[in-house]
Amino acid sequence: MHVEVKDPDGKVVLSRQYGSEGRFTFTSHTPGEHQICLHSNSTRMALFAGGKLRVHLDIQVGEHTNNYPEIAAKDKLTELQLRARQLLDQVEQIQKEQNYQRYREERFRMTSESTNQRVLWWSIAQTIILILTGIWQMRHLKSFFEAKKLV
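Residues numbered from 1 in each chain as written. Predicted model: local features only at pLDDT ≥ 70, side-chain atom pairs only at ≥ 80, totals over all residues. Heavy atoms only, no water.

### A few points about the confidence of the model for the protein chain
Convention followed: As a per-residue measure, pLDDT reflects the predictor's confidence and takes values from 0 up to 100. Strands are runs of DSSP state E lasting at least 2 residues, helices are runs of H or I lasting at least 4, and numbering of each runs from the N terminus.
Per-residue confidence for the protein chain averages 84 on the pLDDT scale, and 89% of its residues sit at or above 70. The element-level mean pLDDT for the protein chain is lowest in helix α1 (residues 44-48), coming to 56, with helix α3 (residues 79-148) highest at 93.

The following block contains the structure:
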């Protein structure tokens, strides 16, 4: 199985070949939608001849990805130290989420301001066209009536 992960900018974050089983993790510093592509090493004929391909994908984001009992055993942490590390990870995740929300708010604000600007210019253009059309019609009607000698 070949795994390729791309960030929202299209840059490859991870590209690796795995055997029949594998596990991968990656850290991205870019907020947004990431693309995960899984390519099978099997040929198409093997799949049609009765071969089966099973993929289990479990995506974990944030502090939920940490296996705290394993970290405690590896670093020989007390229960209090482990809980402090969990809290620090949660605070860090909250900060990341707040930064992401600020980023989204900034993008939304820029989109809204751009849309408002376009609506303003569109309404100004419509008003100018309407006034010019009215002036043209008045001049045309005036010349028509003068030509017919009604005025």
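On we go.
### Comments concerning the packing of helix α2 (residues 68-75) against α3
Definition in use: Orientation is described by axes fitted as lines to C-alpha atoms, over the contacting stretch for helices, and by angles from 0 to 180 degrees between their N-to-C directions. For this classification, under 35 degrees means roughly parallel, over 145 means roughly antiparallel, 65 to 115 means roughly perpendicular, and everything else is oblique. Each crossing gets its handedness from the near helix: less than a right angle anticlockwise from the far helix is left-handed, clockwise is right-handed. Contacts: residue pairs with any heavy atoms within 4.5 Å of one another. Amino acid classes used here: Ala, Val, Leu, Ile, Met, Phe, Trp, Tyr, Cys and Pro are nonpolar; Asp, Glu, Lys and Arg are charged; the rest, including Gly, are polar.
As a packed pair, α2 and α3 sit with axes 10 Å apart at the nearest point and diverge in direction by 130°. The orientation of α2 relative to α3 falls into the category oblique. Viewed along their axes, α2 and α3 form a crossing whose handedness is right-handed. Along its contact with α2, which presents Y68, I71, A72 and D75, the element α3 presents L82, R85, Q86 and D89. For the contact of α2 with α3, the residue count by class is four nonpolar, one polar and three charged.

### What about the pairing of strand β1 (residues 2-6)?
To keep it simple, the criterion reads: Each residue's exposure class comes from its accessible area (1.4 Å probe, protein chains only) as a fraction of the maximum for that residue type: buried when under 20%, exposed when over 50%, partly exposed otherwise. Strands were regarded as paired on the criterion that DSSP finds at least two bridges between them.
Burial analysis of β1 places four of its five residues in the buried class, which makes it a mostly covered element. Looking at chain direction, β1 and strand β2 (residues 12-17) are connected through five bridges and run antiparallel. Pairing of E4 across the sheet is with S15, part of β2. Once β1 ends, the chain turns through five residues before running back antiparallel as β2, passing G10 with a positive phi of about 90°. The pairing of β1 with strand β3 (residues 35-39) spans five bridges and is antiparallel. The residue of β3 that forms the bridge with V5 is I36.

### Quick look at α2
Going by this rule: Taking the helix axis as origin, the arc is that swept by the directions to the C-beta atoms.
For α2, the complete set of buried residues consists of Y68, I71 and A72. In a view along the axis of α2, the buried residues occupy a sector of 100°, so they form one face of it. Exposed residues on α2 whose side chains face more than 90 degrees from its buried face are P69, E70, A73 and K74. Buried residues in α2 make contact with α3. With its phi angle positive at about 55°, K76 sits one or two positions after the end of α2.

### Overview of the nonpolar core
Keep this limit in mind: Throughout this description, the term nonpolar core refers to a set of buried Ala, Val, Leu, Ile, Met, Phe, Trp, Tyr and Cys residues connected via side-chain atoms within 4.5 Å.
Judged by nonpolar contacts, M1, V3, V5, L14 and Y18 together constitute the single largest core of five residues. Those residues within four positions of V5 in sequence are excluded, and the remaining contacts are K11, V12, V13, L14, F24, F26, Q35 and I36.

### Let's talk about the sheet that holds β1
Taken in spatial order, the three strands of this open sheet run β2-β1-β3, and their pairing is antiparallel. Of all the strands in the sheet, just β2 and β3 have a single pairing partner and so form its edges. Each neighbouring strand pair of the sheet contributes to a mean axis angle of 10°, computed without reference to strand direction.

### Describing a nonpolar patch on the surface
To be explicit about the condition: Note that patches include only residues with greater than 30% relative accessible area and no salt bridge, and the join distances are 9 Å for like charges and 5 Å for nonpolar side chains (Val, Leu, Ile, Met, Phe, Trp, Tyr). Using a 1.4 Å probe, the Shrake-Rupley method yields the accessible areas, and only the shown protein chains count as cover for residues. Salt-bridge detection follows one rule: a side-chain nitrogen of Lys or Arg within 4 Å of a carboxyl oxygen of Asp or Glu.
There is a patch of nonpolar side chains on the surface, built from L120, W121, I124, I128, I131, L132, I135 and M138 and spanning about 800 Å² of accessible area. By the secondary structure assignment, W121 is in helix α3.

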